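If you want the building blocks of each chain, they are given just below.
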Amino acid sequence: MTNKRLTGVLGALALFPLLLGSAGAVTIKVASVSPLSGALAPIGTEVRRGAELAVQEQVAAFKALGHNLVYLPMDDQASAAQGTQIGKTLSADRAVLGVVGALNSSVSNTLAAATAAANLAMISPASTNDGLTANGWKHFSRVVATDSAQAVAAAQYLKAEVGAKSVFVVSDNTAYGNGLSKALQTNLKRQGIALAGYVGASNDEQIAGAVKRIKTMNPDVVYFGGTDDVGSKLVKAVRAAGVKALFMGGDGLDSPSFIQRSGIDAAGVVYSTGFGPVTVFSGAPAFTQKYQAAYKAKPNGVSVYAYDAMNVMLEAIKSSLTKGGAAPSRAQVTTAVRRVNFPACFDGAAAKCSIVSGAMGFDNTGERQRSRVFIMKLDNVLQGQVAKVQTVTAESLK
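What you see is a predicted model, and the numbers here were worked out from it, not measured in a lab.

> Any details on the packing of aromatic side chains? Residues and values, ideally.
Enumeration over the complete set of coordinates arrives at 7 aromatic pairs. Relative to Phe-140, the ring of Trp-137 lies with its centre 6.1 Å away and its plane at 65 degrees, an arrangement referred to as edge-to-face. The pair formed by Trp-137 and Phe-140 is uniform in burial state, with each residue classed as buried. Measuring from ring centre to ring centre gives 5.9 Å for Phe-287 and Tyr-291, while their planes differ by 40 degrees; the resulting arrangement is tilted. Placement of the pair is Phe-287 and Tyr-291 together in helix 11 (residues 284-295), with a separation of 4 residues, close to one helical turn. Of the two residues examined, Phe-287 and Tyr-291, each falls in the buried class.

> Describe the pairing of strand 8 (residues 221-225), with residues and values.
For strand 8, the buried fraction is high: 5 of the 5 residues fall into the buried class. Burial along strand 8 is two-sided: the residues Val-221, Tyr-223 and Gly-225 and Val-222 and Phe-224 are all buried. Note: strand 6 (residues 166-171) against strand 8, 5 bridges, orientation parallel. Bridging from a neighbouring strand, Ser-171 pairs with Gly-225 of strand 8. For strand 8 and strand 9 (residues 246-249), the ladder comprises 4 bridges, and the chain directions are parallel. Note that in strand 9 the partner of Tyr-223 across the bridge is Met-248.

> For the nonpolar core, give the residues involved together with the corresponding values.
For soluble globular proteins, nonpolar side chains are generally found buried alongside one another. One finds Met-310, Val-312, Ile-317 and Val-337 to be the most contacted residues of the largest nonpolar core, which totals 76 residues. For this core, the element with the highest residue contribution is helix 12 (residues 301-318), accounting for 12 residues. When residues no more than four places from it in sequence are discounted, the contact partners of Val-312 are Ile-123, Val-337, Val-340, Phe-342, Ile-355, Met-360 and Phe-362. Membership of the second largest hydrophobic core comes to 24 residues, among which are Ala-145, Tyr-176, Val-270 and Val-392.

Basis of the calculations
- Residues numbered from 1 in each chain as written.
- Predicted model: local features only at pLDDT ≥ 70, side-chain atom pairs only at ≥ 80, totals over all residues.
- Heavy atoms only, no water.
- Phe/Tyr/Trp six-rings, centres within 6.5 Å; stacked < 30°, edge-to-face > 60°.
- Buried < 20%, exposed > 50% of the residue type's maximum accessible area, 1.4 Å probe, protein only.
- Helix = DSSP H or I, 4+ residues; strand = E, 2+ residues; numbered from the N terminus.
- Pairing = 2+ DSSP bridges.
- Core = buried A, V, L, I, M, F, W, Y, C linked by side-chain atoms within 4.5 Å.
- Contact = heavy atoms within 4.5 Å.

Structure representation (structure tokens):
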């Protein structure tokens, strides 16, 4: 999206409070940031839908407190440069008190840098790069397990369950892909698994070159760190070249669009993810019913985490509100996010819970206190099966 077009969209969105608000009420805006156009639009739309659903459920509660709650879905096109621009735009709008996003780690990095001076609270539902919480940002938190957590679980699985002797690693050259790939290599070494090779590949020419090297090295496993658009191209190229090695990746492959793009070549693919199938969460039935009613489609783990992230943000804002009073400051909201403590939902209570993915709270760096990593395997009919579940704590990653 060009800056001119972005400005036009933002101008239109700025009218929403005028159209939806009631006289005398204070407007509070919350935003989501994810790719809504381009190759990653399918998974970026899951972020928007999950966040939007949480906002829709809270509009009445905010209205009762004398505040109009307005939602702004922003399209970052999976571009780090757009993350900077959007961050500046949202920071300049003093009515914006919270942001859920981004999807890509590279975008979260620039978005967080652009919103740091404004102390605008951010919660990422999907960015896993370890370095994001090493910046000392007080306004940035996330609800998903990190690359390190995924890499630990993946390497242990390759050692104990696969018996792998050698792994060839491919990154898609993004901040996310590079971070996950490097973390995986560290943990392969710890497990005594040989690194057959490492290469970056994001376009067709680079993928073709990577496949040639993979064929030469003949590894037991091809590991891909990156998003599903490049991952689907790589797995199809690998299979077309006759490579029979196990294909494994991270949560960038945890998307229906990976299966759609890869087709039958996705059969047998294994990936680690902090999201997991929606059905593993105790709050899943109620959430799934609401999601399908709203969007006529099934949710996935990303939409669950976006829903949870937005509910954390809204709880932080509400806890700082007074009925009929002024909106809280951004500093108050940022502080309140780190103080949120949601228990896990179980059995009959799940329908009344605003958090689907389990107990929610953050440490002083913004990492979730406890998160789960799932090792998933796509079967011959391309259905994801849970191969292994591992719980990780924020403390264990330090």
